[in-house]
Amino acid sequence: MSVPQPPEPIPAARLLFSLDPAVSHLNHGSFGAVPIGVQRAQQRLRDEMEANPLRFFTQGLVDRVAHTRRHLATFLGADPEGTALVGNTTTGVAVVLQSLGLRPGDEILSTDHEYGAVTLSIQRECRRTGAESRVVAIPLAATDEEIVDAVRVALRPGRTRLLVVDQLTSATARLFPVAAIVGVAREHGVPVLVDAAHVPGMLSATVASVGADFWMGNLHKWGYAPRGTAALVVAPPWRDRIEPLVVSWEQETGFPARLEWQATLDYTSWLAAPAGLFTLRSLGVDRVRAHNAALAAYAQRVVGDALGVAPAHLPDPGGPEVAMRIIPLPRGLATTIEAARELQQRIAERLATEVAVMSWNGEGWLRLCGQVYNSPDEYERLAVRLPPLLAQR
Ligand SMILES: Cc1ncc(COP(=O)(O)O)c(C=O)c1O
């Protein structure tokens, strides 16, 4: 197995961010980081809003949002007419779930890699409607073919009203073969919601290439957009059936405006989101992707070595562009969500290093991300300092 080499740094990229230099920020995946230029773009929009709120909200805002939506959808390789801006992935998932019209006897199928808040949302919608939620287990080391087979076997046509599957999972950083999964579900007449929270900016796969009924991605993670910027892409047969969580003035306009206009909110994150893509393009989208994925691979190996994990036991993310990777923690650590949160906080406080600690199926995992503002020495330092910290239980 070849040893991953750290990538060439992208010069001065760190200076584009306002991140605290006293901290190693190795968890871009959770909440992103907004480049200074994007923060400024948003502040200019806020200044405009505060100079004349009436004019800002009543003269052209709906059109500006539509223009922004088309720009973002084009970047994602999605149909602009089928795309709606929403605040975040969690919201978009809730929009889809409550638009399905579930009834007793129906079920929603998801996997045991699903994001926790999405699982809670599925469970609540099922409780509200009398439907059931069912979870298919996918082993971490499953091949793409095995993942597709596991989903195929779990589908119950006529009963499964929605399959929810992640394009790139959060806790396990595994790329799922979503296009093939969508194909199998379609053969069985089951609609699919692809949770692509981490995809925009990180992966080159277009939304169109996935072909899902519903595709939900965050621009505010790897797309450098201000927080609160996400895109829900809906296939044509569903567009008229999608209802917003909150009815407001654009309700009668239909999809997508009825989803986007959610009364009095700060819409400046959406309007400033193209500045995030501009930053990405200025750095070079392919270059950023290659850099981040290579750095995450290096991080996994360096910290994995320090924790005594053989390279063969370091989970493969399943694709070359994945910029976050997981490392198994010593047995007994982070076996519950509470323990994982406590350990994550301990690492932040004692090592001035932000990481993600995950508890998945009763085992603890460390998730490390690579971003343009990171450098190899940050992971090398963590590799030296983490084992003694973990030894003090
Ligand atoms: C797979 C997945 N789904 C959903 C979410 C939720 O994203 P948000 O907080 O923007 O709603 C995340 C966040 O990390 C995620 O990783």
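The preceding data block contains the structure.
Residues numbered from 1 in each chain as written. Predicted model: local features only at pLDDT ≥ 70, side-chain atom pairs only at ≥ 80, totals over all residues. Heavy atoms only, no water.

Q: Just give me the short version of the site of the ligand, but keep the residues and values in it.
A: Around the ligand, the neighbouring residues are Asn88, Thr89, Thr90, Tyr115, Asp166, Ser170, Asp195, Ala197, His198, Asn218, His220 and Lys221. Between the ligand and the protein, one listed contact pairs an oxygen atom with a side-chain N or O atom of His198 at 2.8 Å. One of the side-chain N or O atoms of Lys221 is found 2.7 Å from an oxygen atom in the ligand. Surface burial for the ligand is 91%, taken as the share of its 390 Å² of free accessible area covered by protein chains. For the shell around the ligand, a count of residues per class yields 2 nonpolar, 7 polar and 3 charged. (Near = heavy atom within 4 Å. Polar contact = N/O pair within 3.5 Å; in protein donor to acceptor, adjacent residues only side chain to side chain. Areas by Shrake-Rupley, 256 points an atom, 1.4 Å probe, with all protein chains shown as cover. Nonpolar A, V, L, I, M, F, W, Y, C, P; charged D, E, K, R; others polar.)

Q: I'd like a rundown of the nonpolar core, residues and numbers included.
A: Core analysis: the largest hydrophobic core is formed by 78 residues, its most contacted members being Leu163, Val194 and Trp215. When residues of this core are assigned to their parent elements, the largest contribution, 7 residues, is made by helix H11 (residues 268-283). The residues touching Trp215, leaving out its near neighbours within four places in the chain, are Leu76, Gln167, Leu193, Val194, Ala196, Val199, Pro200, Val207, Val210, Ala231, Leu232 and Val233. Judged by nonpolar contacts, the second largest core, of 27 residues, contains Val303, Leu329, Ala340 and Leu343. (Core = buried A, V, L, I, M, F, W, Y, C linked by side-chain atoms within 4.5 Å. Buried < 20%, exposed > 50% of the residue type's maximum accessible area, 1.4 Å probe, protein only. Helix = DSSP H or I, 4+ residues; strand = E, 2+ residues; numbered from the N terminus. Contact = heavy atoms within 4.5 Å.)

Q: Outline helix H5 (residues 89-99), supporting the account with residue identities and numerical values.
A: Buried residues dominate H5, accounting for 8 of its 11 residues. Within the sequence span of H5, burial applies to Thr89, Gly92, Val93, Ala94, Val95, Val96, Leu97 and Ser99. In the stretch just after H5, Gly101 is the one whose phi turns positive, near 65°.

Q: Residues and numbers for the packing of aromatic side chains, please.
A: For the structure shown, the criterion picks out 7 aromatic pairs. Ring geometry for Trp261 against Tyr267: centres 5.1 Å apart, planes inclined by 10°, an arrangement best described as stacked. We classify Trp261 as buried; its relative accessible area is 13%. Look at Tyr267 and Trp270: their rings are 5.4 Å apart centre to centre, the planes differ by 75°, and that puts the pair in the edge-to-face class. For the pair Tyr267 and Trp270, one class covers both residues: buried. (Phe/Tyr/Trp six-rings, centres within 6.5 Å; stacked < 30°, edge-to-face > 60°.)

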